[in-house]
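Working through the structure, step by step
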Amino acid sequence: MPTHVRACAKLLALFLLILSSASGSAQSAPVMKSYRVLRSISGSTGHEDNGRYIIEDPRSVFVAGKDSKVTVYFEWEGRTGPHHFEGLWKSPEGKIVLISDFSYEAKATQFSGYWSMLLAEGTPSGEWNMEARIDGEPAGTHSFVISGSPSAASASGPPLLSSADLYQKAFDTTVTIEKIDADGTTASRASGFWIGEGRLLTAFNAIDGASMLRVLLRDGSQLTTNQILAWNRWQDWAMLKVEHSPKVWLKRSSAASVKVGDRCVLLEMVTAGAKLADGSITGKNTFPKSGERLLIASGVTPLSFGGPLLDEYGNYAGILGGGIIPGGDPVRTLSLLSEINASSRIDWETTGLAVPQTVLPEVPPTAAATSLADIAARGEMLPPMIKMNAVQSATLGVLGSGNPAFLKAYKRVFSRQEHKPVAQVSFQGIEKEKFSCVFRLFNVDNKLVAESKPRDISMNSGKYMTTTWEIPVASIPPGIYRVDVVLSSRTAWREFLKVVD
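As a convention, each chain's residues are numbered from 1 in the sequence order in which they are written. Totals for whole chains, interfaces and linings use every residue, but because this is a predicted model, local features are given only for residues with pLDDT of at least 70 and side-chain atom pairs only at 80 or more, for both listing and counting. Only hydrogens and water are removed before side-chain values are computed, so all heavy atoms of the structure are retained for them.

Description of the overall build of the protein
- Across its full length, the protein holds 4 helices and 37 strands.
- All accessibility values rest on the Shrake-Rupley procedure with a 1.4 Å probe; residue burial counts only the protein chains present in the view. For the protein, the accessible area works out to roughly 22,800 Å², and carbon and sulfur atoms hold 51% of it. Per the convention used, a helix needs a DSSP run of H or I reaching at least four residues, while a strand needs a run of E reaching at least two, with both numbered from the N terminus.

Overview of the sheet that holds strand β8 (residues 81-90)
- DSSP bridges decide pairing: two strands pair if at least two such bridges lie between them. Taken together, 5 strands build an open sheet; the order of strands is β6-β12-β11-β8-β9 and the sheet is mixed. Each edge of the sheet is formed by a strand with only one pairing partner; in this case those strands are β6 (61-63) and β9 (96-106). The mean inter-strand angle of the sheet, taken between neighbouring strand axes irrespective of direction, is 25 degrees.
- Two elements, β8 and β9, share 10 bridges in a ladder whose sense is antiparallel. Each residue of the ladder has a partner; that of leucine 88, found in β9, is isoleucine 99. In this analysis, axes come from line fits to C-alpha atoms, helices being fitted only over the stretch in contact, and the angle between any two N-to-C directions falls in the range 0 to 180 degrees.

Describing the confidence of the model for the protein
- Per residue, pLDDT captures the predictor's confidence, and it can take any value from 0 to 100. Within the protein, residue pLDDT values average 84, and 87% of them lie at 70 or more.
- Mean pLDDT values for the elements of the protein range from 32 in strand β1 (residues 9-13) up to 97 in strand β19 (residues 237-241).
- When the criterion is pLDDT under 50, residues 1-33 qualifies, and its contacts beyond four places in sequence or with other chains add up to 98 contacts. When checking whether two residues touch, look at their non-hydrogen atoms; a contact exists if any pair is within 4.5 Å.

What about the packing of aromatic side chains?
- Side-chain rings of Phe, Tyr and Trp (the six-membered ring for Trp) are treated as a pair once their centres are within 6.5 Å; stacked means planes under 30 degrees apart, edge-to-face means over 60, and tilted covers the remaining angles. The full count for this structure, using the stated rule, is 16 aromatic pairs.
- One aromatic cluster is present, formed by Phe74, Trp76, Phe85, Tyr104, Phe111 and Trp115 through successive ring pairs.
- The ring of phenylalanine 171 has arginine 218 sitting right over it, with the charged end atom 4.1 Å from the ring centre.
- Cation over ring: arginine 482 sits above phenylalanine 442, and NZ or CZ is 4.1 Å from the ring centre. Sitting over a ring, as applied to charges here, requires NZ of Lys or CZ of Arg to be within 6 Å of the ring centre and within 35 degrees of the ring normal.

Thoughts on the pairing of β19
- Extensive coverage of β19 is indicated by the burial of 4 of its 5 residues.
- Bridge analysis of strand β15 (residues 199-202) against β19 gives 4 bridges, and the strand direction is antiparallel. Residue pairing across strands places arginine 199 opposite lysine 241, the latter belonging to β19.
- Bridging between strand β18 (residues 227-232) and β19 involves 4 bridges; their strand directions are antiparallel. The residue bridging tryptophan 231 from the neighbouring strand is alanine 238, located in β19.
- Counted along the chain from β18 to the antiparallel partner β19, the turn is 4 residues long, and its residue aspartate 236 has a positive phi close to 70 degrees. Type-normalised accessible area, obtained with a 1.4 Å probe on protein chains alone, sets the label of each residue: buried when under 20%, exposed when over 50%, and partly exposed for intermediate values.

Focus on the sheet that holds β19
- Strand order in this open sheet of 8 strands is β17-β16-β13-β14-β15-β19-β18-β27, and the pairing throughout is antiparallel. On the outer flanks of this sheet lie β17 (222-225) and β27 (370-371), each paired with one strand and no other.
- Sheet topology places β18 next to β27; 2 bridges connect them, and they run antiparallel. In the sheet register, glutamine 227 faces β27, and the bridge partner there is serine 371.
- Its contacts with the sheet place helix α2 (residues 163-173) against β13 (174-180) and β14 (186-196), and it is angled at close to 35 degrees to β13.

Remarks on unusual backbone geometry
- Unlike most non-glycine residues, aspartate 135 shows phi in positive territory, near 55 degrees.
- Positionally, aspartate 135 belongs in the loop between β11 (126-134) and β12 (137-147).
- When its relative accessible area of 38% is taken as the criterion, aspartate 135 is described as partly exposed.
- At serine 489, a position not held by glycine, the phi torsion is positive, near 70 degrees.
- Relative to the helices and strands, serine 489 is located in the loop between β36 (479-487) and β37 (490-500).

A short note on the pattern of salt bridges
- Definition used for salt bridges: Asp or Glu carboxyl oxygen within 4 Å of a side-chain nitrogen of Lys or Arg. Under the criterion given, the structure shown has 21 salt bridges.
- Between lysine 90 and glutamate 131 there is a salt bridge; the shortest N-O distance is 2.9 Å. Of this pair, lysine 90 sits in strand β8 while glutamate 131 sits in strand β11, and the two are 41 residues apart along the sequence.
- Judged by its relative accessible area of 19%, glutamate 131 falls in the buried class.
- Between glutamate 418 and lysine 411 there is a salt bridge, with its nearest N and O atoms 3.3 Å apart.
- Take lysine 411: its relative accessible area is 25%, and that puts it in the partly exposed class.
- Among the charged side chains, a network of salt bridges with common partners joins Asp57, Arg59 and Asp67.

Structural notes on α2
- Inspection of α2 places Leu166, Ala170 and Thr173 among the buried residues, and these make up the whole buried set. All buried residues of α2 fall inside an arc of 80 degrees around its axis, so they share one side.
- Packed against the buried residues of α2 are β13, β14, β20 (264-270), β21 (273-278) and β24 (308-311). The arc in question is the one spanned by the directions pointing from the helix axis to the C-beta atoms.

A few points about helix α3 (residues 330-337)
- Burial analysis of α3 places 6 of its 8 residues in the buried class, the great majority of the element.
- Of the residues making up α3, those classed as buried are Pro330, Val331, Thr333, Leu334, Ser335 and Leu336.

Here we look at the environment of glycine 352
- For glycine 352, the position within the fold is in strand β26 (residues 352-356).
- Overall, the relative accessible area of 3% leaves glycine 352 in the buried class.
- For the pair glycine 352 and glycine 321, spaced 31 residues apart in sequence, the C-alpha separation works out to 7.5 Å.
- When sequence neighbours within four positions are dropped, the list of residues in contact with glycine 352 reads Leu294, Leu295, Ile296, Ser298, Gly299 and Val300.

Printed below as a string of structure tokens:
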């Protein structure tokens, strides 16, 4: 049975009283030689359950004066035996305001611990870090944000909206946007939101490759448009012209409100419907071509891309999605830029990006519109990706020796000296059909770099086959590239890769 040990320390640290506690649990596993963080999570309340500590309200943003404490929980994998644990709480200025410690004997290689910090209205706002150490060795860092007290914020500005009011405002102003292909097929769905009479704001990714856009309103009615008032492909935003007079629309946040620590919310579109999620700003980053991005506290589903990030007053602080490379998923692109391999774990649920409203220009209602066809003619659009039943699976990797269909490694980052990097597609026969298959390689500016000769493929029901194309990494400069596999003139699979020296 797992054993728990809790050590509590009561310390006075500059501005508040800190209560620290920790617990440990163990399970059987092979002996390890180092410590590895399995996961970390924070919240304001929790309880113990069968040898584990359960965070009841997982989040990374807390309000001083409203939340009473922050609890940070870690799970590790490491050596068995007695250990000394330390928790270092660091303020936004990087100062250690307290060190609390406890001892615990791990009976097996998986164990856990948690610490709690009390909050007061005077707690400094900004990004905090809780650094864990085991036997003096670094054992993980967990970041969270503390924002100012609600009483101080409301005293100097307009009233804050309740969660119910924020939900209703987001729900009333958000629409679903369908991307329609040239043959009338719905390629994908995303979101958008009203910002004025006949004007919708969305992510560029929501319109990329479309021949027509279908707008689904809350009352069940539909509108279509192919008119764009303004856009920026790399910044990932577009303003649509739609012949409609919405009852309500959103206003911009003030520039001062778009900063780390601000509490924001988003409307998360899931299978069950729309729900309010924590979109508080936990960080910022700037990328060479796409510009500034806000890092937010919750992951963003593809159906939510293009929706509004709302501040506490119900104004839009940004546009959800925040693609870094045109056509690429934001979080997968982050992992590619960081050269994270396929086996690395990414916290999809707490990683989200948004385009700050501060980058958006003022577009007058009388601005001339441009058609989707004209934007495509400028080379600013990618062909839409259409899901086809014939494609069972597809991946990038490196071929092994012997069996030509065997991949010895799955990866998206390749050295220019890599031996036989390939794109591999497995086909399945659902019905009798024939199609021509082409492999294309593009740079991030949508310029064709390489193209294979067409391959004619015949499939029958129940038939399976695998096809590979070698990626010419040795002959192209380092950078990020896009792979498209095209079946009979329709893009059936798309992936991004990185080439390094």
